[in-house]
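Inside the fold
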Amino acid sequence: MKAVVFDKPGGPDVMHIGQAPLPDVGEGDILVRIHAAGVNRADILQRKGFYPPPPGASPIIGLEMAGEVERTGPACRRWNTGDRVFAILPGGGYAQYVSVDERLAMGIPKGFDFSDAAAMGEVFLTAFQALYWLGEFQTGERALIHAGASGVGTAAIQLVKADSGTALITAGSDEKLAACRNLGADTVVHYRHEDFQEKVLEATDGEGADVIIDVVGADYFHKNIECLAMDGRLVILALMGGKKIDTFDLSWLMRKRLKIIGSTLRSRSLDYRIALTRAFSKRYLARFESGELKPVIDRVLSWERVQEAHSAMEGNVNIGKIVLRVS
Ligand SMILES: NC(=O)c1ccc[n+]([C@@H]2O[C@H](COP(=O)([O-])OP(=O)(O)OC[C@H]3O[C@@H](n4cnc5c(N)ncnc54)[C@H](OP(=O)(O)O)[C@@H]3O)[C@@H](O)[C@H]2O)c1
């Protein structure tokens, strides 16, 4: 089959479409003919050689895809040849075919094309997991979402608003702030010109946010702690602004009864990913069909333009998802 391959780690130009072996299909797996694959920040790290796939996962880049079931393993019960599915993957999305445990696949909502579906899995499952399973978000609470216009951010804003919450976001351009407002964000902070700590405290009558979804890490750590409410939860999903802090006064944790949680979805066990997929589908899939929730898509490119897709994401220009059309 054809797949995006690279011989050595490096910039976007190391990637090209080449050949890779067709994946094995286990007893409970489905072989999916991929029509579209979502691009994720982790793909860039993998291409640079910093984020190897977990043991047993495909070495091909790509954490999510949408396509049609081509073949089912002998123990499969849920899907038939020709069904339209999407799923998160530990790897293998930038290819013509992928083999995936049938319990990780979700049916593509009615009216959604493959590109829409390829833009949903990774960011909505991540936002759902971060808000509810890790951040213990409760109806009506206040969530501060950093990188609000990112794929994960645009999903998190929608989930918070769908649960009567208050969404406060940070982003780095006026266009990104406007996009977040359109999704329902209540308070938007242009972090290049404004102090998010001040704005968050002002917007919450000095109390702070109940949950923070952070992808910046060190650069935001102290301010995050300052603008968490009592019993607040800080969920760290990425470290785009550094991984080391010089000092930290632990008494903050005691005085405000805070929790700090870090996580990566890709490294989670198969059982965990299946349970997350099931909980997400049950709660939300119908709400995509009704139009309440939607993937925010920045652009869809043919996978021949995978280099351009990675350059755009590395340049921080995308609002929402970049999707590759696979042929
Ligand atoms: N742990 C997990 O399980 C998990 C799962 C999925 C994704 N993630 C991580 O979550 C993050 C968002 O993913 P995504 O695919 O949604 O990303 P994305 O769409 O590429 O958006 C990332 C945005 O973050 C902002 N940013 C970049 N560097 C920054 C910095 N140093 N300080 C502040 N903002 C910065 C930029 O927007 P501005 O213009 O607003 O600065 C950029 O466009 C990524 O780091 C990804 O690796 C983690």
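1. Concerning the site of the ligand
Contacts to the ligand come from 27 residues, most closely from Arg41, Ser150, Gly151, Gly172 and Ala238. Those elements giving two or more residues to the shell around the ligand turn out to be α1 (41-47), α3 (121-134) and α4 (151-162). The biggest single contributor to the shell around the ligand is α3, with three residues. Looking at side-chain class alone, the shell around the ligand contains 13 nonpolar, 11 polar and three charged residues. For the shell around the ligand, the two domains that each supply at least three residues are domain 1 (2-120 + 266-325) and domain 2 (123-262).

2. Some thoughts on helix α6 (residues 196-203)
For α6, every residue scored as buried is listed here: Phe196, Val200 and Ala203. End-on view of α6: buried residues confined to an arc of 70 degrees, all on one side of the axis. Packed against the buried residues of α6 are β8 (142-145), β9 (166-171), β10 (187-190), β11 (209-214) and α7 (218-226).

3. Focus: helix α10 (residues 306-314)
Of the residues making up α10, those classed as buried are Val306, Ala309, His310 and Met313. Buried residues of α10, viewed axially, fall in a sector of 95 degrees; they line one side. The inward-facing, buried residues of α10 contact β1 (2-5), β3 (29-39), α1, β14 (297-302) and β15 (321-325).

4. Brief notes about the nonpolar core
Core analysis: the largest hydrophobic core is formed by 104 residues, its most contacted members being Met65, Leu131, Ala143 and Ala156. With eight residues, the top contributor of residues to this core is α3. Inspection of this core shows a minimum of three residues originating in each of domain 1 (2-120 + 266-325) and domain 2 (123-262). Contacts of Met65, omitting those with residues within four sequence positions, involve Val32, Ile34, Ala36, Ala37, Phe86, Ala87, Leu89, Gly93, Val98 and Ala118.

5. So, the environment of Val211
Structurally, Val211 is set in strand β11. In this structure Val211 comes out as buried when scored by C-beta crowding, with 28 C-beta atoms within 10 Å. When the C-alpha atoms of Val211 and Cys227 are compared, they prove to be 9.9 Å apart, with 16 residues separating the residues in sequence. Ignoring anything within four residues of it in the chain, the contact list for Val211 reads Leu131, Gly135, Phe137, Glu141, Ala143, Gly232, Arg233 and Val235.

6. A word on the domain arrangement of the protein chain
Each assigned domain of the protein chain is listed with its residue range as follows: domain 1 (2-120 + 266-325) and domain 2 (123-262). Once you take the C-alpha centre of each, domain 1 and domain 2 turn out to be 26 Å apart. The partner domain 2 presents 15 residues to the 14 residues of domain 1 that form the contact. Top contributing element to the side of domain 1 that touches domain 2 by residue count: helix α9 (residues 270-289), with four residues. When grouped by side-chain class, the residues that make up the side of domain 1 that touches domain 2 number seven nonpolar, three polar and four charged.

Rules of the game
Residues numbered from 1 in each chain as written. Predicted model: local features only at pLDDT ≥ 70, side-chain atom pairs only at ≥ 80, totals over all residues. Near = placed C-beta within 6 Å. Helix = DSSP H or I, 4+ residues; strand = E, 2+ residues; numbered from the N terminus. Nonpolar A, V, L, I, M, F, W, Y, C, P; charged D, E, K, R; others polar. Domains from an automatic or database assignment. Buried ≥ 20, exposed ≤ 12 C-beta atoms within 10 Å, placed from the backbone. Arc of directions from axis to C-beta. Contact = placed C-beta atoms within 7 Å. Core = buried A, V, L, I, M, F, W, Y, C linked by C-beta atoms within 7 Å.

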